[in-house]
Each structure stands twice: as C-alpha cells, then as structure tokens.
Amino acid sequence: MYFLFNGYKNSYFMKNVLVTGAAGFIGFHLCKKLLSSDYKVIGIDNINDYYDINLKEKRLQILNNELKKYPSSWEFIKADLTDENQLKKIFKYFEPDTVVNLAAQAGVRYSIENPKAYINSNLVGFFNILECCRLVKVKNLLYASSSSVYGGNTNTPFSEKDPVNHPISIYAATKRANELMAHSYSHLFKIPAIGMRFFTVYGPWGRPDMAPMIFTNAIVKNKPIEIFNFGIMSRSFTYIDDVIEIIEKLIEKPAYPDENFNTNQPNPSTSWCSHRIFNIGNTNKFDITTFVEYLEKELGKKAIKIYRKMQPGDVKETLSDSSLIHNWINCVSETPLSVGIKKFIEWYLNYYLT
C-alpha cells in the first residue's frame, strides 16, 4: 500500500468527497469548509515544488489539526494523478460520492516554458480522474476550468454561451480540453459533471505565483513591481470565500440534462447529457493599478511600479457574466475588493512578518 488510512471508509451519515489538489489554495479552503459541514473528506495532492512547499505543508498541518474537532473525517494521501494504479486503489477503497478535481499544473506563463508539465498533469491526470469516476460510478464530478479558456475573446463580460475556440496559452488549451473530455464521459458513461471557470481567485493562503502575492511581497520589501500592458489590464478579482460557498452548493446540486437543449443551435454551456459549465467570478472588474492601490492602502506603503508591454499568453481584460451560476444555486456572494484585500493583507502580515 502507498498510504495509511485512519480505518474509516464509509459512514451512514457522511457523504464522501474526494478533493484533488487538497494542499493547493482553493483545495485547502474547500477541505477546511467541508470538514466543518459533516462531510468525509479524502484529500489528494502530490506536493510538487512549482511553488513553496512549506506553504502547502502548513495548509496540510491546519487540515490535519481539524481531526481533533472532526474525528475520522479527514484522510490525506500523497499521490500524483498521473499514477493511474494508485489512483484506482484510492477510488476503490473510498468509493467517493463526489469528486472535486482542483489538481492541475497552474500558471499561464509557465505553460509557455514547460508545456509538457501541463500535458501530463492537466490532460493525462484528468483522464485518469475520469476513468476512476467511471470505475466507481461517481454521482457528481466538479472540476476546475479557467477564465483563460476565453482566450482571444474580447466581447465582455465573458459568457459560458460564447464559443471558446481560440486559446492563447497551453494552459488555457488544456483547460478547454478538460471540458470536452468531461462532456464525453458524461455522455458515454452518465457521469454528472460541472466545469468551473475560475476568475482570478485571491485571498488568505493564496498562491505565491499570482499577482496579489507577488505585488505584496515586492511592496513590503521595497522592490519594484512589473505592471504589464502599461497598466491597461483589468480582472474579475474573486475572493476565496465566495468560491468555496459556490463549490459547496454545487456538491449538493449535480448537473442534469437540459431538456430544452437544441442540437441545431447548441448552447456551449449546457448539454443533452448531465454536463454544465459555469463561470465562477466576481461580476465587477478592477484595473490592475486600482488593485495595487488597495494593497498600498492596507500596507501603508507605496509600490515602486515598472510598466511593461503585454506578455505572451496574457489577456487584457477578464469580466465574468455570472448569471448562470446565480440561477443554478440561487444565491452567490460577492465580497467587495476592499474587504477581500484587507483580509488578505491581515493574513499575509501575520503569516510572513510575525
């Protein structure tokens, strides 16, 4: 065996949820929330060194401490999605009701430098997840997609009903491929699946390779920050708690067939089979320069700004049309940027400077 279990498999009162990427930013927050909501959570992560392993291990330490409050509710297994045999053993043992696939090789710019990592993790790894879902007849599959799939689209806000056939990064291409693969498995093997297109998620315990952490580190250390496209960029910054609220509700509402689906005029967001795609993003956009100003205010320091031209793979603007997810689960919170940045900086100062 590759792992040890707490001796707990199924329970008559708990729903088994398997979360991949459990030591990651969104995965950590989701596992923590589910543990407080009477779920049996099985976490998987390969703890790769794409960014600071210490941060991932600290997240896991917090999750492991949750066992004191919720005995036998949490299992963590160090595993790689490309290891098909190990993954099948995990699925067969735990027989999860729901799978939330958040594991992926992240980062738009890194996908240009190391595309093979994205093929292995995001395509081969996701294929293995789909096969395991078929093996144990999973009742609900949620998987991470990205606003990056909108690629060269310039008509905003981005809608799930828009075609997404022009990705401008390898990362985006793999995420779009995930959506197509999941649809095929939903059609062929009756697996309810929902693709979640995340829009610039930020907050405490965030990824060090993303702008909020990069900018904050630079301001604190009096180092310059690079602002691309000469500052003419905007994003739907989406606070982590809002994302977790949506995922928890999606766990309780799997996809089902669209009875009104028209194959002569197909809607890309839905299907005749149990597959849906939703934007998960704030419906307000903010310029990058405005985002930096919020950071400066909370840190009490001015940033040293260097303006650069647009980088390959980047997009000028993202803005989420979130009407479909609002209609699906009825209520979606949108934390104001000022509030989210304040909470992020409070965590950052406590974690890194105390």
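Q: What is the right way to look at unusual backbone geometry in this model?
A: Comment: phi is negative for the bulk of residues other than glycine, and the bulk of peptide bonds are trans. Residue P157 is bonded to the preceding T156 through a cis peptide linkage, with omega at 0°. In this structure, P157 sits in the loop between β5 (140-146) and α6 (170-189). A positive phi angle, close to 65°, is found at D38, a residue other than glycine. Within the secondary structure, D38 sits in the loop between α1 (25-35) and β2 (39-45). Even without being a glycine, I47 presents a positive backbone phi close to 50°. Tracing the backbone through its elements, the reader meets I47 in the loop between β2 and α2 (53-65). You can call I47 buried: its relative accessible area is 11%.

Q: It is not clear to me how the sheet that holds β2 should be interpreted in this structure. Could you clarify?
A: The strands that make up a sheet are held in pairs by hydrogen bonds between backbone atoms, and each pair lies either parallel or antiparallel. What the 7 strands build is an open sheet, ordered β3-β2-β1-β4-β5-β6-β11; its pairing is parallel. Taken across any chain shown, the strands that pair with only one partner, and hence form the sheet edges, are β3 (74-78) and β11 (275-280). Between one strand axis and the next, the sheet turns through 20° on average, direction left out of account. Of the strand pairs in this sheet, β5 and strand β6 (residues 193-198) are connected by 6 bridges, and their pairing is parallel. What sits directly across from A144, in β6, is M196.

Q: Please explain the packing of helix α5 (residues 115-136) against α6 as it appears in this structure.
A: To describe two helices that pack against each other, one gives the angle between their axes and the distance between the axes. At a minimum axis distance of 10 Å, the contact between α5 and α6 shows a crossing angle of 15°. By the angle between their directions, the pair α5 and α6 is classed as roughly parallel. For α5 against α6, the interelement crossing comes out right-handed. In this structure, α5 uses P115, Y118, I119, N122, L123, F126, F127, L130, E131 and R134 to contact α6, whose residues at the interface are I170, Y171, T174, A177, N178, M181, A182, Y185 and F189.

Q: What should I look at first to understand the environment of M181 in this one?
A: Along the chain, M181 turns up in helix α6. Taking C-alpha positions, M181 is 26 Å from K15, a pair spaced 166 residues apart along the chain. Ignoring anything within four residues of it in the chain, the contact list for M181 reads L123, F126, F127 and L130.

Q: Is there a simple way to think about the environment of I53 in this case?
A: With respect to the helices, strands and loops of the structure, I53 is situated in helix α2. For I53, a relative accessible area of 29% gives the class partly exposed. Distance from I53 to I306, taken between C-alpha atoms, is 29 Å for residues 253 residues apart in sequence. Apart from residues lying up to four places away in sequence, I53 is in contact with I47 and N48.

Q: In this structure, what is going on with the pattern of salt bridges? I would like to understand it.
A: Pairing is possible between side chains of opposite charge, provided their charged atoms come close. Tallied over the full model, the rule gives 15 salt bridges. Across the pair E245 and K249 runs a salt bridge whose closest N-O atoms are separated by 3.2 Å. Note that E245 and K249 are positioned in helix α8 (residues 240-251) at a spacing of 4 residues, about one turn of the helix. Here the residues in one salt-bridge network are R176, E179 and R197, joined through shared partners.

Q: Would you take a moment to explain the confidence of the model for the protein chain for this structure?
A: Close reading of the predicted structure is inappropriate where its pLDDT is low. Overall, the prediction assigns the protein chain a mean pLDDT of 91, with 94% of residues at 70 or greater. Across residues 1-13, where pLDDT falls below 50, the model places 29 contacts with residues more than four positions away in sequence or in other chains.

Q: Explanation requested: the packing of aromatic side chains in the structure shown.
A: Any pair of aromatic rings gets described here by the distance separating the centres and the angle formed by the planes. Per the stated rule, a full pass over the model turns up 25 aromatic pairs. Judged by centre distance (5.3 Å) and plane angle (50°), the ring pair of F126 and Y143 falls under tilted. Here the residue F126 occupies a position in helix α5, and Y143 occupies one in strand β5, the gap between them amounting to 17 residues. For the residue pair F126 and Y143, the accessibility class agrees, reading buried in each case. A ring pair is formed by W347 and Y352, whose centres lie 5.8 Å apart and whose planes are at 85°; its orientation type is edge-to-face. Of the residues examined, Y352 reaches a relative accessible area of 31% and is grouped as partly exposed. Through a chain of ring-to-ring contacts, three or more aromatic side chains come together here, namely F28, W205, F344, W347, Y348, Y351 and Y352.

Q: What's the story with the nonpolar core in this structure? I'm lost.
A: Generally speaking, a soluble globular protein has its nonpolar side chains buried in company with each other. With 68 residues, the main nonpolar core has I26, V100, M196, F198, I247 and L250 as its most contacted residues. Excluding residues that lie within four positions of it along the chain, M196 makes contacts with V100, L102, L142, Y143, A144, S145, S146, I247, L250, F278 and I280. Core analysis: the next-biggest nonpolar cluster, separate from the first, contains 25 residues, I77, L87, A103 and Y185 among them.

Q: Whenever I open this one, the environment of Y294 confuses me. Can you help?
A: Looking at where Y294 falls in the secondary structure, it is placed in helix α9 (residues 288-299). Separated by 46 residues in sequence, Y294 and G340 place their C-alpha atoms 9.9 Å apart. Once residues within four sequence positions are removed from consideration, Y294 is found in contact with F286, L337, S338 and I341.

Scoring rules and cut-offs
Residues numbered from 1 in each chain as written. Predicted model: local features only at pLDDT ≥ 70, side-chain atom pairs only at ≥ 80, totals over all residues. Heavy atoms only, no water. Helix = DSSP H or I, 4+ residues; strand = E, 2+ residues; numbered from the N terminus. Buried < 20%, exposed > 50% of the residue type's maximum accessible area, 1.4 Å probe, protein only. Pairing = 2+ DSSP bridges. Axes fitted to C-alpha atoms, helices over the stretch in contact; angles between N-to-C directions. Parallel < 35°, antiparallel > 145°, perpendicular 65-115°, else oblique. Left-handed = near helix turned anticlockwise from the far one by under 90°. Contact = heavy atoms within 4.5 Å. Salt bridge = Lys/Arg side-chain N within 4 Å of Asp/Glu carboxyl O. pLDDT = per-residue confidence, 0-100. Phe/Tyr/Trp six-rings, centres within 6.5 Å; stacked < 30°, edge-to-face > 60°. Core = buried A, V, L, I, M, F, W, Y, C linked by side-chain atoms within 4.5 Å.

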